[in-house]
Amino acid sequence: MKYYFAPVQGHTDASYRHFHALHYGHKAGGDSEIIYTTPFIRLEKGEIRKKDLKDATSELNEGVYTIPQIIFKNREELLTLVNLLKNQGAGRIDINMGCPFPLQTSRGRGVATIANPECREAVKEVVETNPEIIFSLKMRLGFAEEEYLPLIETLNQIKLDHLAVHPRTAKDQYTGDLHDDAFRNIYELSSNPLVYNGEIHNPADAAAIMERYPDLAGIMIGRGALGRPSLFAEIISGEEWDENRRRKEMLAFHRELFRHYSDTLIGGDHQVLSKIHPFWEYSETEIGRKAWKAIKKASNISKYQTALALI
């Protein structure tokens, strides 16, 4: 069983990944480690966006199991991205066919690639012609639930390290029930190792998924781990932490990240707060609504520290 921290744009940058791994990785115990994926890397005017490349090649990734993830709209973009990353020395690449956000799908990327025959064949081509690269892929069900079937047929013709599936459609975004019947179908059809992604918020959720699908290769968690950063350590160690321990460790992790931003960013309170505020976005249940609201409203470092004291 492997454990993947799903990338969340604006949250899981190299700094976050570094300090999360530093703080929680050794607390997980056992032989398992947390595997991180970068927020998606995309082309802009034929080149990888500079900030994407900076994140993927950051020295903060050293010692952190990090896989660069790419998002594309056609064969040309996919081949270009793979070649550019290969030239950067990448040995692993994750392909995003699951982003549901209209900003990307309207441009033919993310979920929009699932129903595109050219994109499906391009994935097959790029995996077959780059045997030195270990590929994985993250997907949704499509815009409509049945769209995923031709993609699974194509992927069954190649070897992926793993296939991560979030069993929702693009229209679902991150709300509503998961389509468990569709995931069960993929579980039975896929010849590639399968990773489950979606609505895992505590160790009991993870245990239920692993019991329901005993042949899973792994689980992937994004928003659940942002709201409860200790979640992977709890699942891997088999020990559920009490609320006080979780909050204490979360604050310690936050202090490390906050200190890093304060030491490296030069824009004063505004820039530091713009970087650290997303840390708490999904944590209302974990830290309490009063503290969560006060943190969101804090307009300077002094007010922010006062808000933290409410946790």
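Now for a quick tour of the structure. (Residues numbered from 1 in each chain as written. Predicted model: local features only at pLDDT ≥ 70, side-chain atom pairs only at ≥ 80, totals over all residues. Heavy atoms only, no water.)

**A short note on the pattern of salt bridges**
1) Next: Counting across every chain of the model gives 17 salt bridges.
2) Next: Between Lys275 and Asp13 there is a salt bridge, and its shortest N-O distance comes to 2.8 Å. Taken together, the residues Lys275 in helix α12 (residues 268-276) and Asp13 in the loop between β1 (2-5) and α1 (14-28) connect sequence positions 262 residues apart.
3) Next: With relative accessibility at 16%, the residue Asp13 sits in the buried group.
4) Next: In this structure, Lys86 and Glu132 form a salt bridge, with 3.4 Å as the shortest nitrogen-oxygen distance. Remark: Glu132 occurs in the loop between α5 (117-128) and β8 (134-139) and Lys86 occurs in helix α3 (residues 75-87); sequence separation between them is 46 residues.
5) Next: Taking the relative accessible area as the measure of exposure, Glu132 reaches 47% and is therefore partly exposed.
6) Next: Linked by salt bridges that have partners in common, Arg168, Glu199 and Arg223 make up one network. (Salt bridge = Lys/Arg side-chain N within 4 Å of Asp/Glu carboxyl O. Helix = DSSP H or I, 4+ residues; strand = E, 2+ residues; numbered from the N terminus. Buried < 20%, exposed > 50% of the residue type's maximum accessible area, 1.4 Å probe, protein only.)

**Description of helix α7 (residues 180-189)**
1) Next: Within α7 the residues assigned to the buried category are Ala182, Phe183, Ile186 and Tyr187. Relative to the axis of α7, the buried residues are bounded by an arc of 145° and lie together on one face. Of the exposed residues in α7, those oriented more than 90 degrees away from the buried face are Asp181 and Glu188.
2) Next: Buried-residue contacts for α7 involve β8, α6 (148-155), β9 (163-165) and β10 (194-197). (Arc of directions from axis to C-beta. Contact = heavy atoms within 4.5 Å.)

Worth remembering: the numbers are spatial, not functional.
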